[in-house]
Amino acid sequence: MSFGVSREEIQQPAPLSTGQNGNVVAVLPTMATAHRLRLNPNTEHKPESYEGLQLEFSPLLFSSLERYLPPPLLSLPRDSKLHYMRDIIIRYSPDGERTRVQRHREYRRKIISRYQPLHRELYIMHASNFFAPSFLKAINENKEQSFRSIMAEPIPGVFTFEMFQPRFCQLLLSEVENFEKWVYETKFRIMRPNTMNKFGAVLDDFGLETMLDKLMEDFIRPISKVFYSDVGGSTLDSHHGFVVEYGIDRDIELGFHVDDSEVTLNVCLGKQFSGGDLFFRGVRCDKHVNTETQTDEILDYSHIPGRAVLHRGRHRHGARATTSGQRFNLLLWCRSSVYRELRKYQKDFSSWCGECQREKKEQQRVSIAATKQELLKREGKAATRT
Ligand SMILES: O=C(O)CCC(=O)C(=O)O
Ligand SMILES: [Fe+2]
């Protein structure tokens, strides 16, 4: 399940980027992600003892639940496992998170019971009707080489490929417009995808959650497992799916930001438009989110209907003004609860953060220079002795 989002604006020192006014980075604060458990317990695993700790639930509950944790979490410190399991228990406890989840469920239930879908065929995954044949073939082959054969990678970590059939794009657009019409006529107060968008609709809220879950699990996760394993690409387990709408009477542009996702799928659905380029400016961890852009991190991409862009959520980006016509894009923010838990303990992000990489290289350069200096000094001393 996913929730409405708010974004937080952060000051950004002037980046080395072309033409964007944005000296602001908008970061989407972390939303509650769906923590997951295994279906069957790992009977080989010997759980820790949680006796003697100040806990609001029985220590035995934690020991029993530990066998259900996803395998990568089992070797974490006891505190971490405790934290993860506590989040799950709280979700099912009387107050707090549970109230929030329940309110959102109630909101969805109301919409789904009142809104009449226009194209029911969209609500169940039908791969051969939805996807371009080249995309389906690559997914079926499920090999890095097959994925690469249909993809362009204009800058490391950003992949673009033909994904949806034109008819699917038209049907989804027409469904979203029908939903918006219903919202207008019934004056139902809906939540927009996030606070930076005044327009657009959360697809999960009006019945498309199951279809989008399938899209993530069967189509995006296999690709992410290959290209984004360093940010939990193989353990994506929840999503936030929505459509954004740009044009003269809609949103115009989208400021510089990072997504609240591990991996983002962004597909242009149409219609006819000019402008609206997506710009990328390097991947950053929390600590480095406001650091300068390097020249080799600059990418400007023009959307093409039916074509997908796949990137890490932490890849800084924004969308320029749509100057005429209307642009609709489908966004699927894919998240991994397991990765988010692990990230709290792992502070080396140099496999994906451009600035962490630069810092690491600089440290290595300094240490090599110091070693060379030391060796030269020793050789110099040895030379004077002989
Ligand atoms: O409009 C676009 O293509 C970008 C949308 C986006 O980045 C977002 O909604 O997070
Ligand atoms: Fe985004």
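Note that the structure is a prediction, hence the values are computed from the model and not measured.

The rules we used
Residues numbered from 1 in each chain as written. Chains lettered and ligands numbered in written order. Predicted model: local features only at pLDDT ≥ 70, side-chain atom pairs only at ≥ 80, totals over all residues. Near = placed C-beta within 6 Å. Helix = DSSP H or I, 4+ residues; strand = E, 2+ residues; numbered from the N terminus. Nonpolar A, V, L, I, M, F, W, Y, C, P; charged D, E, K, R; others polar. Contact = placed C-beta atoms within 7 Å. UniProt positions renumbered as here; feature names shortened; annotations may be inferred. Domains from an automatic or database assignment. Core = buried A, V, L, I, M, F, W, Y, C linked by C-beta atoms within 7 Å. Buried ≥ 20, exposed ≤ 12 C-beta atoms within 10 Å, placed from the backbone. Bend = angle between axes of the 7 residues up to and from the residue. Arc of directions from axis to C-beta.

Q: Could you clarify how one ought to interpret the site of ligand 1 in this entry?
A: Residues in close proximity to ligand 1 include Val-244, Leu-254, Asp-259, Asn-266, Leu-278, His-317, Ala-319, Asn-329 and Leu-331, which together make up its full environment. Looking at the shell around ligand 1, the elements with two or more residues in it are β13 (315-319) and β14 (322-335). Considered class by class, the residues forming the shell around ligand 1 number five nonpolar, three polar and one charged.

Q: How should I be thinking about the environment of Val-263 in this particular structure?
A: Residue placement: Val-263 occurs in strand β8 (residues 263-270). A sequence separation of 12 residues divides Val-263 from Asp-251, and the C-alpha atoms of the two residues are 24 Å apart. Setting aside its immediate chain neighbours within four residues, Val-263 contacts Ile-220, Ser-224, Tyr-228, Val-231, Gly-233, Leu-236, Leu-310, Arg-312, Gly-313 and Cys-334.

Q: How do you make sense of the UniProt feature "domain: Fe2OG dioxygenase" (unreviewed entry) in the protein chain when you look at a structure like this?
A: Within this structure's numbering, the places UniProt gives as "domain: Fe2OG dioxygenase" (unreviewed entry) are residues 237-336. When the span residues 237-336 is considered, its composition is 0% helix and 61% strand, and the gap between its end C-alpha atoms is 5 Å.

Q: Before we go on, may I ask you to explain the domain arrangement of the protein chain in this structure?
A: How big an interface is tends to be expressed through the accessible area that disappears when the partners come together. Partitioning the protein chain into structural domains gives domain 1 (8-31 + 115-352), domain 2 (32-113) and domain 3 (353-386). Each partner contributes to the interface: domain 1 provides 11 residues, whereas domain 3 provides six residues. Taken together, the residues that form the side of domain 1 that touches domain 3 break down as four nonpolar, five polar and two charged.

Q: How do you make sense of the nonpolar core when you look at a structure like this?
A: Where a protein is soluble and globular, its nonpolar side chains tend to be buried together. Core analysis: the biggest nonpolar cluster contains 58 residues, and Leu-203, Ile-220, Val-243, Val-267, Leu-332 and Cys-334 have the highest contact counts within it. Ranked by residues supplied to this core, first place goes to helix α8 (residues 209-227) with seven residues. Each residue touching Leu-203, except ones within four places of it in the same chain, is listed here: Leu-208, Leu-212, Gly-241, Phe-242 and Val-243. Phe-62, Leu-69, Tyr-84 and Met-85 belong to the second largest nonpolar core, which has six residues in total.

Q: How do you make sense of α8 when you look at a structure like this?
A: Each full turn of the α-helix corresponds to 3.6 residues, which orients residues three or four apart in the same direction. Most pronounced at Ile-220, the bend in α8 amounts to some 45 degrees, and the proline Pro-222 follows within four residues. For α8, the set of buried residues is Leu-212, Leu-215, Met-216, Phe-219, Ile-220, Ile-223, Ser-224 and Phe-227.

Q: What's the story with helix α1 (residues 59-66) in this structure? I'm lost.
A: Within α1 the residues assigned to the buried category are Phe-62, Leu-65 and Glu-66. Within α1, the buried residues cover an arc of 105 degrees as seen down the axis, which keeps them to one side. Elements in contact with the buried residues of α1: α2 (78-91).

Q: Looking at this model, I keep getting lost on unusual backbone geometry. Mind explaining?
A: Note the cis peptide between Gly-270 and Lys-271, where omega equals -5 degrees. The residue Lys-271 is located in the loop between β8 and β9 (273-275) in this model. The residue Asn-142 is not glycine, and still its phi comes out positive at about 50 degrees. Among the structural elements, Asn-142 can be located in the loop between α5 (133-141) and α6 (144-150). Here Asn-142 falls in the exposed class, since 12 other C-beta atoms lie within 10 Å of it. Positive phi values are uncommon outside glycine, yet Lys-187 reaches one of about 60 degrees.

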